[in-house]
Amino acid sequence: YEITYGDWSSDVCSSDLLIEKFKPADPVTAADINALELFLSNELQDLIEAINKYQPQTLIGSSGSFDTFADVITLKNNTHHLLQNQTTYDFNLDDYKVLHSKLLHSSHAERLAMPGMLPMRADMIVVASILTNYILNISEIKNMKLSTYALKEGVMQSIISGKIMTSLFSYD
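Residues numbered from 1 in each chain as written. Predicted model: local features only at pLDDT ≥ 70, side-chain atom pairs only at ≥ 80, totals over all residues. Heavy atoms only, no water.

1. Some details on the overall build of the protein
The helix and strand inventory of the protein stands at 8 helices and 5 strands. Ordered by position in the sequence, the α and β elements of the protein form the string β-β-α-α-α-β-α-β-α-α-α-β-α. Burial statistics for the protein: of 172 residues in total, 38% are counted as buried. Sequence-distant contacts, at least 24 apart, represent 71% of the contacts inside the protein between residues at least 6 apart. (Helix = DSSP H or I, 4+ residues; strand = E, 2+ residues; numbered from the N terminus. Buried < 20%, exposed > 50% of the residue type's maximum accessible area, 1.4 Å probe, protein only. Contact = heavy atoms within 4.5 Å.)

2. Points about the packing of aromatic side chains
Within this structure, the stated rule accounts for 5 aromatic pairs. Summarising the aromatic geometry, the rings of F22 and F39 are spaced 5.4 Å apart at their centres and angled 70 degrees between planes, so their arrangement reads as edge-to-face. One end of the pair, F22, is in helix α1 (residues 15-22); the other, F39, is in helix α2 (residues 30-43), and 17 residues separate them in sequence. Owing to a relative accessible area of 24%, F22 belongs among the partly exposed residues under this scheme. Residue F39 is classed as buried on the basis of its relative accessible area of 15%. When the ring of Y89 is compared with that of F91, the centres are 5.0 Å apart and the planes differ by 80 degrees; the resulting orientation is edge-to-face. Summarising the burial analysis for this pair, Y89 and F91 share the class buried. Site record: aromatic cluster; members linked through ring pairs are F66, F69, Y89, F91 and Y96. (Phe/Tyr/Trp six-rings, centres within 6.5 Å; stacked < 30°, edge-to-face > 60°.)

3. What about the sheet that holds strand β3 (residues 58-62)?
Spatially, β3-β5-β4 is the arrangement adopted by the 3 strands of the open sheet, whose pairing is mixed. Each having just a single partner strand, β3 and β4 (88-91) make up the two edges of the open sheet. On average, each strand axis in the sheet is inclined to that of its neighbour by 25 degrees, with strand direction left out of account. Summarising the sheet, β4 and strand β5 (residues 143-147) pair through 4 bridges and their orientation is antiparallel. (Pairing = 2+ DSSP bridges. Axes fitted to C-alpha atoms, helices over the stretch in contact; angles between N-to-C directions.)

4. Focus: the environment of D26
Within the secondary structure, D26 is located in the loop between α1 and α2. Through-space distance from the C-alpha of D26 to that of A109 is 9.6 Å; in sequence the pair is 83 residues apart. Those residues in contact with D26 that sit more than four places away from it in its chain are S106, S107, H108 and R111. Engagement of the side chain of D26 in a polar contact is seen with the backbone nitrogen of H108, the distance being 2.9 Å. Here the side chain of D26 touches R111 through a polar contact of 3.3 Å, side chain to side chain. (Polar contact = N/O pair within 3.5 Å; in protein donor to acceptor, adjacent residues only side chain to side chain.)

5. Structural notes on the confidence of the model for the protein
Predicted coordinates in areas of low pLDDT are best not read in detail. On average, the protein scores 84 in pLDDT, and the residues at 70 or more come to 79%. Contacts for the low-pLDDT stretch residues 164-172, under 50 throughout, to residues beyond four places or in other chains number 6 contacts. (pLDDT = per-residue confidence, 0-100.)

6. Topic: the nonpolar core
Counting residues in each nonpolar core, the largest one holds 40 residues, and the members touching the most others are F69, F91, I135 and M144. Looking at this core, the elements with two or more residues in it are α2, α3 (45-54), α4 (65-76), β4, α5 (93-104), α7 (124-137) and β5. Broken down by element, the residue count for this core peaks at 10 residues, all from α7. Contact partners of M144, with chain neighbours within four places excluded, come to L59, F66, F69, Y89, D90, F91, L93, Y96, T132 and L136. (Core = buried A, V, L, I, M, F, W, Y, C linked by side-chain atoms within 4.5 Å.)

Listed below in structure tokens is the structure:
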């Protein structure tokens, strides 16, 4: 889980690093969540300032956790076909909030039993969801989207498809 906003980027929020640092219980406890959110509020001051200044309306995730959120939600809602052959998926925030709550209250074994949950994501998805929810809570973000492209792939695809004008890049 890497956060990029404009020219600011942080990988301090890597789910693996956060799990190693906080060693949350299974299921995660309220104390775990509070400690993690306090850490995020201290470590993400630049992001918080950027959010307050620019007031983004959409949170876009690419691959990893957001793929898992989308898989679990769409399989539960019987709408998984909406992901096939698509490069984006628009989350219903109510569906995400239901999933977030379920992730917080589930054990590792219960998460593994969720359709769409990859075994390699069953532990880190809780921390990723806490981080995602934290960003939603500190902002006015009303939309959440999955891009199946990583950032660099997405920019290149947009250039190739003509959605980004090449004149945006300066060669002086």
